[in-house]
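# Analysis of the macromolecular model
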Amino acid sequence: NLRRSNMMIKRFVLPALVAALAGSAFAQECSVTLDGTDAMHVDIKGITAGNSCTEFTDNLPHSGNLAKNVMGHNWVLSKGDDVRAVASDGISAGLDKSYLKPGDERVIAFTDIIGGGEKTSVPFPVAQLKDGEDYTFFCSFPGHVAIMQ
Ligand code: ZN
């Protein structure tokens, strides 16, 4: 009785598939924490924003001791091709403007510059990101972009 045994299989397989799909949706991350240190350390090389996230949040703690005018860090997101220009234009903006040209439209999201012992975070809508585009996160403190990205 082949037909009946086929139905048996479907009945057991389908609920298992649905459970697996629901599980993967819950596993998607809508935030990331990157640690800034006195040695400009970046411990994550890539971030994936899940398709189910409407908002993504970057958390940036600075676990070092140095002041923000000496070893400040921030988190800036732009297209990969814009990183050099955004960082270079930001230098003359100064620490008060978090080393970013005010109103720079190439910047998708950013935090203020923080020093050792401080922390900050920035939420931004995932809808601002396009599939297939190359984005880079970096620190716009002068001289840090080469290492911190
Ligand atoms: Zn930095």
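Anything mentioned here points back to the structure above.
In what follows, the accompanying structure is described. (Residues numbered from 1 in each chain as written. Predicted model: local features only at pLDDT ≥ 70, side-chain atom pairs only at ≥ 80, totals over all residues. Heavy atoms only, no water.)

Looking now at the nonpolar core. Membership of the largest hydrophobic core comes to 23 residues, with the highest contact counts inside it found for Trp 75, Leu 77, Ala 109, Phe 124 and Phe 137. Contributions of two or more residues to this core are made by strand S2 (55-61), strand S4 (107-110), strand S5 (119-125) and strand S6 (135-138). Excluding anything up to four places from it in sequence, Trp 75 contacts Leu 34, Ile 47, Asp 58, Leu 60, Ala 109, Phe 110, Thr 111, Val 122, Phe 124, Phe 137 and Phe 138. By size, the runner-up hydrophobic cluster in this structure holds seven residues, among which are Ala 87, Leu 100, Val 107 and Phe 138. (Core = buried A, V, L, I, M, F, W, Y, C linked by side-chain atoms within 4.5 Å. Buried < 20%, exposed > 50% of the residue type's maximum accessible area, 1.4 Å probe, protein only. Helix = DSSP H or I, 4+ residues; strand = E, 2+ residues; numbered from the N terminus. Contact = heavy atoms within 4.5 Å.)

His 73 (ND1), Cys 139 (SG) and His 144 (ND1) make up the full set of protein donors to the zinc ion, lying at 2.0 to 2.2 Å. Mapped onto the sequence, the donors of the zinc ion take the spacing H-x65-C-x4-H. Within this pair, whereas His 73 is found in the loop between helix H2 (68-71) and strand S3 (76-79), its partner His 144 is found in the segment after S6, the two being separated by 71 residues in sequence. Neither His 73 nor His 144 differs from the other in exposure class; each is buried. (Donors = N, O, S within 2.8 Å, 3.2 Å for Na, K, Ca; no water.)

Turning to unusual backbone geometry, a few remarks are in order. Phi at Ser 98 takes a positive value of approximately 60°, unusual for a residue other than glycine. Tracing the backbone through its elements, the reader meets Ser 98 in the loop between helix H3 (83-91) and S4. Of note, Tyr 99 is a non-glycine position whose phi angle comes to about 50°, a positive value. For Tyr 99, the location among the structural elements is in the loop between H3 and S4. Residue Tyr 99 is classed as buried on the basis of its relative accessible area, which comes to 12%.

Right, let's get into the pattern of salt bridges. Within this structure, the stated rule accounts for four salt bridges. With its nearest N and O atoms 4.0 Å apart, the salt bridge here joins Asp 89 to Lys 101. Of this pair, Asp 89 sits in helix H3 while Lys 101 is found in the loop between H3 and S4, placing the two residues 12 residues apart along the sequence. When the shortest N-O distance is used, the salt bridge between Asp 104 and Arg 106 registers 2.9 Å. What emerges from the salt-bridge pattern is a single network uniting Asp 89, Lys 101, Asp 104 and Arg 106. (Salt bridge = Lys/Arg side-chain N within 4 Å of Asp/Glu carboxyl O.)

Inspection of the secondary structure assignment puts Asn 65 in the loop between S2 and H2. Judged by its relative accessible area of 72%, Asn 65 falls in the exposed class. Sequence separation between Asn 65 and Glu 118 is 53 residues; the distance between their C-alpha atoms is 9.3 Å. Sequence-distant contacts of Asn 65, defined by excluding residues within four places in its chain, comprise Asp 38 and Gly 116.

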